[in-house]
Amino acid sequence: MPRYRPHVAARPSWRCRVCGAAWPCSPARLSLLGEYRENRIGLLIYLAALLYEASGDLAGHDGLTDRFLTWARAR
């Protein structure tokens, strides 16, 4: 039986250590939504802190706000 490996960011590239997609990848987003199911504001604060960290590593990259925050807004 395969062992679950969490989809976490590899820094400074901010790509997923498991699937190689730009982090947060789809599995990471699903996991974060489940973890913060009752605390969407907490999720956004957490992601904003990671966005701040990533902005130093990924200076000059467009779309970081969409990548880190927009998907997690309440619908």
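Scroll up a little and you will see the structure.
Not measured: the values here are computed from a predicted model. (Residues numbered from 1 in each chain as written. Predicted model: local features only at pLDDT ≥ 70, side-chain atom pairs only at ≥ 80, totals over all residues. Heavy atoms only, no water.)

Description of the overall build of the protein
Per the secondary structure count, the protein includes three helices and two strands. In the protein, the succession of helices and strands from N to C terminus is β-β-α-α-α. At 12 Å, the protein has a C-alpha radius of gyration in line with the 11 Å of a compact globule built from 75 residues. Dimensions along the principal axes, computed over C-alpha positions, put the protein at roughly 40 × 25 × 15 Å. Burial status across the protein gives 32% buried among its 75 residues. Within the protein, residue pairs in contact and separated by at least 24 positions form 41% of the contacts whose partners lie at least 6 positions apart. Here the protein displays about 5200 Å² of accessible surface, and carbon together with sulfur accounts for 55% of that area. (Helix = DSSP H or I, 4+ residues; strand = E, 2+ residues; numbered from the N terminus. Rg over C-alpha atoms; globule rule 2.2 N^0.38 Å. Buried < 20%, exposed > 50% of the residue type's maximum accessible area, 1.4 Å probe, protein only. Contact = heavy atoms within 4.5 Å. Areas by Shrake-Rupley, 256 points an atom, 1.4 Å probe, with all protein chains shown as cover.)

Overview of the nonpolar core
By size, the foremost hydrophobic cluster in this structure holds 19 residues, and its most contacted members are Trp14, Trp23, Leu32, Leu43, Leu47 and Phe68. At the level of elements, helix 1 (26-35), helix 2 (40-57) and helix 3 (64-68) are the ones that each hand at least two residues to this core. With five residues, the single largest contributor to this core is helix 2. With residues up to four places along the chain from it excluded, the contact list for Trp23 reads His7, Val8, Ala9, Trp14, Arg15, Cys16, Ala28, Leu32, Leu50, Arg67 and Phe68. (Core = buried A, V, L, I, M, F, W, Y, C linked by side-chain atoms within 4.5 Å.)

Remarks on the pattern of salt bridges
Applying the stated criterion to the full structure yields one salt bridge. For Glu53, the salt bridge identified is with Arg11, shortest N-O distance 2.9 Å. Taken together, the residues span a long stretch of sequence, with Glu53 in helix 2 and Arg11 in the loop between strand 1 (9-10) and strand 2 (15-16) at a distance of 42 residues. By relative accessible area, Arg11 is classed as partly exposed at 45%. (Salt bridge = Lys/Arg side-chain N within 4 Å of Asp/Glu carboxyl O.)

Let's talk about helix 2
Taking 1.5 Å per residue, 18 residues should reach 26 Å; helix 2 reaches 26 Å between its end C-alpha atoms and fits that length. Turning to helix 2, its buried residues number three or more, namely Gly42, Leu43, Leu47, Leu50, Leu51 and Ala54. In this fold, the buried residues of helix 2 make contact with helix 1 and helix 3. (Expected span 1.5 Å × (residues − 1).)

Topic: the packing of aromatic side chains
Following the criterion strictly, the structure yields four aromatic pairs and no others. Geometrically, the ring pair formed by Trp14 and Trp23 is tilted, given 6.4 Å between the ring centres and 50° between the ring planes. Of the two residues, Trp14 and Trp23, both sit in the buried class. Measuring from ring centre to ring centre gives 6.2 Å for Trp23 and Phe68, while their planes differ by 55°; the resulting arrangement is tilted. (Phe/Tyr/Trp six-rings, centres within 6.5 Å; stacked < 30°, edge-to-face > 60°.)

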